[in-house]
Amino acid sequence: MTDEYEHYEAVVVGAGPGGAAAAATLAQNDVETLVLERGVEAGSKNVSGGLIYAEESAPYTIDGLFPDFREEASERPVTEYYLHNVAGEQVKPFDLTRLHEHDTAWCDAVLRRKMDAWLSDRVHEVTREAGGGVLEGVRANGLLRQDGEIVGVTCDEIDPITADVIIAADGVNSELARDAGLMDWAEPEEWFQGVKAVVDMPGDVIADRFDIDEDEGVAHLFSGDLFEGVRGGGFLYTNQDTLSIGTVFHLDSLVEEQAEPHELLDALLTHPILDQWFQGEYDELEYAAKLVPDSKKVAHPDPYRDRLLLVGDAAGQMQAQGPIIKGMNHAVSAGGLAAEAYVDASLRGDPSRAGQRYAAKLRNEGVMGKLRPRRYRVVRTLGEHRPVTRVIDGVLTSRIGKALVGNRAMERVIGRAYNSPYLASVAPDTRTPYVTLPAVLGEVLGEPVEIEAEHDPIEPPSLADRIGDLTYDTDIGNPHISLIDNSIEASGNAVTACPVSAEDFGAGCYREETVKTNGDEERLVSLDTQPCIECGTCAIVASTRWEHPRGGKGVEFKQG
């Protein structure tokens with residue numbers, strides 16, 4: 001059966017950093033490699049916060065594979081890192097630069113459209129030399145099987161393709177990972193949702209307002225009571241001529257609090273602490289969102305099946321190291337190791353063992369130890385029980401607790417704790433580190449901030465304007481999401497959790513409606529996929545049948 005299809009030695013699905021690393025490593029070993037990218041251009045479907053790290057202990061780094069990367073594809077190096085603990089309009093900052101620099105060769109801010117497009121061009125050059133190339137606007141929608149074994153991929157736009165190895169770097173909503181039964185979207189507590197605005201600001205203004213040189217950058221994080229009690233926080237990263245500002249929250253907490261993502265982002269944007277940088281000026285270029293896997297819970301220990309190997313978000317390889325998020329660097333390491341595993345297995349005459357070699361390399365090179373630290377599992381057993389959290393939070397918010405936190409000696413202890421890589425890797429997923437402790441720190445140690453009298457408070461765009469400013473190529477007649485159960489009980493959470501939907505907003509993806517039938521009223525959910533930004537949130541919180549749009553269709557991010 002497979003003889004009738006075009007065959008490549010390797011097929012890589014997805015041209016992000018993980019796919020680029022895999023394809024470049026394969027091509028450098030003379031492996032004929034085809035890269036499939038569903039966007040009209042690499043990066044047009046991708047969103048990140050985003051910082052990319054090069055760790056000193058990593059087996060692969062992006063500049064090791066692409067030497068001109070930092071000069072050509074990234075924004076600013078991040079030379080300073082701060083966490084702001086917020087209580088109302090009082091803020092207590094801590095310097096996290098030591099934690100940020102732990103095991104770090106360098107770290108740059110990036111925008112995915114620029115970065116991925118540049119990487120794709122380099123990958124196309126090296127894969128062409130090995131007999132392959134990059135094919136954009138093509139979605140791999142599933143796996144091709146022969147006698148029950150995975151042998152290739154099926155696509156919307158072209159005939160199926162067979163390969164000796166398939167490396168799926170197709171992101172957090174990987175259809176190949178789900179088709180193989182390696183990942184699912186069952187549990188909201190296993191995922192984060194990130195929402196981001198890219199804000200215009202000239203480079204010289206950035207340097208002046210953030211007190212940095214033209215070749216420096218800074219990261220600011222925000223936690224405490226400004227996010228309606230949702231577990232998570234905000235970020236601001238300086239790019240060359242823009243700012244990346246966003247929020248990242250545990251999806252189960254977002255659902256539990258019935259909080260609306262765009263409103264949480266606006267709570268950050270309009271907080272007085274940001275006025276020192278905005279100074280009454282705000283020009284939002286792009287609004288975007290994505291799901292982020294919590295690797296401590298979902299990173300697959302054996303991310304392969306038959307000829308299929310998963311890398312990056314498709315394998316749940318995103319590390320939350322306390323407040324610092326690392327994902328793209330692990331995707332690069334995984335992509336390089338997956339390619340290396342296939343080359344090793346082929347040289348030994350048994351390419352079918354590539355998956356086993358890949359899983360072993362992830363463990364032996366220390367990647368899995370970072371993604372799923374054993375010590376976190378020990379802490380989680382006790383620390384993530386609600387009765388324990390209630391006791392700890394009760395102590396922290398008591399008069400005795402506040403007095404203890406307000407002690408200057410304790411302030412130094414907390415500062416050292418924030419900068420401990422060990423403690424960062426075991427921080428429990430509870431309200432305590434995200435909401436309670438930061439709010440207490442802001443209250444007892446913080447200083448008040450307010451918008452300067454000469455500055456007008458900024459007004460972020462409405463949700464309707466944010467959607468309207470995005471670029472879409474709607475796949476008319478081929479909706480990529482359908483409701484299986486449109487009851488409020490099954491799908492109502494999507495009305496608030498979807499980043500382009502909201503209660504009392506009639507232009508988003510999900511809306512609540514009251515339907516009258518034979519004198520009875522029923523609350524139902526309706527769906528319109530046209531404004532979808534393809535984050536995948538609804539696939540977890542609602543009863544849907546979800547897939548990506550066909551190649552080149554749907555939303556197109558210009559910043560990413």
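Structure first, text after, so check above.
The text that follows walks through the structure, step by step, so that each part is easy to find. Keep in mind that this is a model prediction, so the values were computed, not measured.

### Focus: helix α18 (residues 408-418)
Those residues of α18 not exposed but buried are Glu411, Ile414, Gly415 and Tyr418. Angularly, the buried residues of α18 cover 100° about the axis, an arc narrow enough to put them on a single face. More than 90 degrees from the buried face of α18, the exposed residues found are Arg412 and Arg416. Packed against the buried residues of α18 are β4 (78-87), β5 (90-95), α4 (97-101), α17 (399-405) and α20 (431-445). Its side-chain oxygen at 2.7 Å from the backbone nitrogen of alanine 409, asparagine 407 defines the N-terminal cap of α18.

### Brief notes about a negative patch on the surface
Taken together, the side chains of Asp200, Asp204, Asp208, Asp211, Asp213, Asp215, Asp241 and Asp283 present a region of like negative charge at the surface. Mapped onto the elements, aspartate 211 comes out in the loop between α7 (203-209) and β12 (217-224). Using a relative accessible area of 67% as the deciding quantity, one classes aspartate 211 as exposed.

### Observations concerning the sheet that holds strand β11 (residues 191-200)
Spatially, 8 strands are ordered β15-β11-β14-β13-β12-β4-β5-β20 in an open sheet, and the strand pairing comes out mixed. The open sheet has two free edges, formed respectively by β15 (284-293) and β20 (447-448), since each of these has just one partner strand. Strand direction decides the pairing type here: β4 and β12, joined by 8 bridges, are parallel. Each residue of the ladder has a partner; that of histidine 84, found in β12, is phenylalanine 222. Strand contacts of α18: β4 and β5, with the helix running at about 55° to β5, the strand carrying the most contacts. Contacts from α20 reach β4, β5, β11, β12, β13 (232-238), β14 (242-250) and β20, with the element oriented near 85° to β4.

### Things to note about the environment of aspartate 473
Position of aspartate 473 relative to the elements: it lies in strand β21 (residues 471-473). We classify aspartate 473 as partly exposed; its relative accessible area is 35%. Counting along the chain gives 81 residues from aspartate 473 to glycine 554, while the straight-line C-alpha distance between them is 5.0 Å. Not counting residues up to four positions away in its chain, the partners in contact with aspartate 473 are Gly552, Lys553 and Gly554.

### Some points on unusual backbone geometry
Geometrically, the link from glycine 49 to glycine 50 is a cis peptide bond, its omega value of -5° lying close to zero. When you line up the elements, glycine 50 lands in the loop between β2 (33-37) and β3 (51-55). In this structure, glutamine 258 takes a positive phi of about 50° despite not being glycine. In this fold, glutamine 258 is placed in the loop between α8 (251-256) and α9 (261-269). According to the relative accessible area criterion, glutamine 258 is partly exposed, its value standing at 38%. A positive phi angle is found at aspartate 306, which is not glycine, with a value near 55°. Along the polypeptide, aspartate 306 turns up in the loop between β16 (304-305) and β17 (308-310). With relative accessibility at 32%, the residue aspartate 306 sits in the partly exposed group.

### Section: the packing of aromatic side chains
Tallied over the full model, the rule gives 9 aromatic pairs. Judged by centre distance (6.4 Å) and plane angle (70°), the rings of phenylalanine 66 and tryptophan 118 are edge-to-face. Pair noted here: phenylalanine 66 is in the loop between α2 (62-65) and α3 (69-72) and tryptophan 118 is in helix α5 (residues 112-129), with a separation of 52 residues, a long-range link. A single burial state applies to phenylalanine 66 and to tryptophan 118, both of which are buried. Aromatic pair phenylalanine 227 and phenylalanine 249: ring centres 5.1 Å apart, planes at 70°, arrangement edge-to-face. On the criterion of sequence distance, the pair formed by phenylalanine 227 in the loop between β12 and β13 and phenylalanine 249 in strand β14 is long-range, its members being 22 residues apart. For the residue pair phenylalanine 227 and phenylalanine 249, the accessibility class agrees, reading buried in each case. Here a set of aromatic residues connected by ring pairs shows up, and it is made of Phe66, Phe69, Trp106 and Trp118. Residue placement shows arginine 178 over the ring face of tryptophan 185; its charged tip is 3.9 Å from the ring centre. One residue, lysine 296, lies across the ring of tyrosine 376, its end atom 5.1 Å from the ring centre.

### Quick word on the pairing of strand β9 (residues 149-155)
Most of β9 sits out of view: 6 of its 7 residues are buried. Both strand β8 (residues 140-146) and β9 contribute to a ladder of 6 bridges, which runs antiparallel. Paired with leucine 143 across the two strands is valine 153, which belongs to β9. Sheet topology note: the β9/strand β10 (residues 161-168) ladder contains 2 bridges and is antiparallel. Along β10, the bridge assignment pairs valine 153 with isoleucine 161. Adjacent in sequence and paired antiparallel, β9 and β10 are bridged by 5 residues.

### Section: the packing of helix α1 (residues 17-28) against helix α12 (residues 328-347)
Packing of α1 against α12 leaves a shortest axis separation of 7 Å and a crossing angle of 30°. Accordingly, the angle class assigned to the pair α1 and α12 is roughly parallel. As α1 runs across α12, the sense of the crossing is right-handed. Mapping the contact onto sequence places Pro17, Gly18, Ala21, Ala22, Thr25 and Leu26 in α1 and Met328, Ala331, Val332, Gly335, Gly336, Ala339, Glu340, Tyr342 and Val343 in α12. The class makeup of the residues in the contact of α1 with α12 is 10 nonpolar, 4 polar and 1 charged.

### Points about the packing of α12 against helix α13 (residues 354-364)
Running from N to C, α12 and α13 cross one another at 135°; their axes reach a closest spacing of 8 Å. With respect to α13, the axis of α12 lies oblique. As for how α12 packs across α13, the hand of that crossing is right-handed. Contacts between α12 and α13 pair Ala334, Leu337, Ala338, Glu340, Ala341, Tyr342, Asp344 and Ala345 from the former with Ala354, Arg357, Tyr358, Lys361 and Leu362 from the latter. Split into classes, the residues belonging to the contact of α12 with α13 amount to 9 nonpolar, no polar and 4 charged.

Parameters and conventions
- Residues numbered from 1 in each chain as written.
- Predicted model: local features only at pLDDT ≥ 70, side-chain atom pairs only at ≥ 80, totals over all residues.
- Heavy atoms only, no water.
- Buried < 20%, exposed > 50% of the residue type's maximum accessible area, 1.4 Å probe, protein only.
- Helix = DSSP H or I, 4+ residues; strand = E, 2+ residues; numbered from the N terminus.
- Arc of directions from axis to C-beta.
- Contact = heavy atoms within 4.5 Å.
- Polar contact = N/O pair within 3.5 Å; in protein donor to acceptor, adjacent residues only side chain to side chain.
- Patch = residues over 30% accessible without salt bridge, like charges linked within 9 Å, V, L, I, M, F, W, Y side chains within 5 Å.
- Areas by Shrake-Rupley, 256 points an atom, 1.4 Å probe, with all protein chains shown as cover.
- Salt bridge = Lys/Arg side-chain N within 4 Å of Asp/Glu carboxyl O.
- Lys, Arg positive; Asp, Glu negative; His and termini not counted.
- Charge placed at Lys NZ, Arg CZ, Asp CG, Glu CD.
- Pairing = 2+ DSSP bridges.
- Axes fitted to C-alpha atoms, helices over the stretch in contact; angles between N-to-C directions.
- Phe/Tyr/Trp six-rings, centres within 6.5 Å; stacked < 30°, edge-to-face > 60°.
- Lys NZ or Arg CZ within 6 Å of the ring centre and 35° of its normal.
- Parallel < 35°, antiparallel > 145°, perpendicular 65-115°, else oblique.
- Left-handed = near helix turned anticlockwise from the far one by under 90°.
- Nonpolar A, V, L, I, M, F, W, Y, C, P; charged D, E, K, R; others polar.

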